[in-house]
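Here is how the chains run, residue by residue.
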Amino acid sequence: MAVEVKYVVIREGEEKMSFASKKEADAYDKMLDLAEVLGDWLATGPVDLEDNARDQMALWLAEQKEALNSILKSGKLPGAEAEDATASVDSSDSETADTVDIKTAAKRVKVA
């Protein structure tokens, strides 16, 4: 007979998901806590969302926490910084000495 340890995330008496490790279960539980807070926050916003749509949006935002943090910190989509660097290298070859790219100029000021 085999013994299997299972970590179960239960919310409001309902089993949400089960995991093989406590770390994964805790991370999922923490994400659900964040989704709950985000759902409450979205309810205070100027856009009226049905409960189901608000819950889905809150859960999606919680799942995308790292991308959302990156967007809030940088003001850009994740991966856009690498694309900007490639684009600025490609475009600098074709630009004349008289033209200045605002984004590139702002980066130069920060570096200097």
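A brief report on the enclosed structure follows. Note that the coordinates shown come from a computational prediction; the quantities given were computed from them, not determined experimentally.

Here's the deal with the packing of helix α2 (residues 51–63) against helix α3 (residues 65–74)
Step number 1: At a minimum axis distance of 5 Å, the contact between α2 and α3 shows a crossing angle of 80 degrees. Relative to α3, the element α2 lies roughly perpendicular. Taking contact as the criterion, the partners of L61, A62 and E63 in α2 are, on α3, K65, E66 and L68.

Here we look at the nonpolar core
Step number 1: One finds V9, F19, A25, Y28, M31, L32, A35, L38, L42, A58, L61 and A62 forming the largest nonpolar core, which totals twelve residues.
Step number 2: Listed by contribution, the elements that provide at least two residues to this core are α1 (22–43) and α2.
Step number 3: The element that contributes the greatest number of residues to this core is α1, accounting for seven residues.
Step number 4: If we skip the residues at most four places from it in the chain, A25 touches Y7, V9 and F19.

Brief notes about the packing of aromatic side chains
Step number 1: Inspection of every chain in the model, using the stated rule, returns one aromatic pair.
Step number 2: Arranged with centres 5.4 Å apart and planes meeting at 50 degrees, the rings of F19 and Y28 form a pair that is tilted. An identical accessibility class is assigned to F19 and Y28; each is buried.

Considering the pairing of strand β2 (residues 14–19)
Step number 1: As paired strands, strand β1 (residues 7–11) and β2 are joined by five bridges and run antiparallel to one another. For Y7, the partnering residue across the bridge sits in β2 and is F19.
Step number 2: Connecting β1 to the next strand, β2, in antiparallel fashion are two residues, including E12 with a positive phi near 50 degrees.

A short note on a nonpolar patch on the surface
Step number 1: On the surface, V47, L49, M57 and W60 cluster together into a nonpolar patch covering about 390 Å² of accessible area.
Step number 2: Its place among the elements puts W60 in helix α2.
Step number 3: By relative accessible area, which is 47% here, W60 ends up partly exposed.

About the thresholds
- Residues numbered from 1 in each chain as written.
- Predicted model: local features only at pLDDT ≥ 70, side-chain atom pairs only at ≥ 80, totals over all residues.
- Heavy atoms only, no water.
- Axes fitted to C-alpha atoms, helices over the stretch in contact; angles between N-to-C directions.
- Helix = DSSP H or I, 4+ residues; strand = E, 2+ residues; numbered from the N terminus.
- Parallel < 35°, antiparallel > 145°, perpendicular 65-115°, else oblique.
- Contact = heavy atoms within 4.5 Å.
- Core = buried A, V, L, I, M, F, W, Y, C linked by side-chain atoms within 4.5 Å.
- Buried < 20%, exposed > 50% of the residue type's maximum accessible area, 1.4 Å probe, protein only.
- Phe/Tyr/Trp six-rings, centres within 6.5 Å; stacked < 30°, edge-to-face > 60°.
- Pairing = 2+ DSSP bridges.
- Patch = residues over 30% accessible without salt bridge, like charges linked within 9 Å, V, L, I, M, F, W, Y side chains within 5 Å.
- Areas by Shrake-Rupley, 256 points an atom, 1.4 Å probe, with all protein chains shown as cover.
- Salt bridge = Lys/Arg side-chain N within 4 Å of Asp/Glu carboxyl O.

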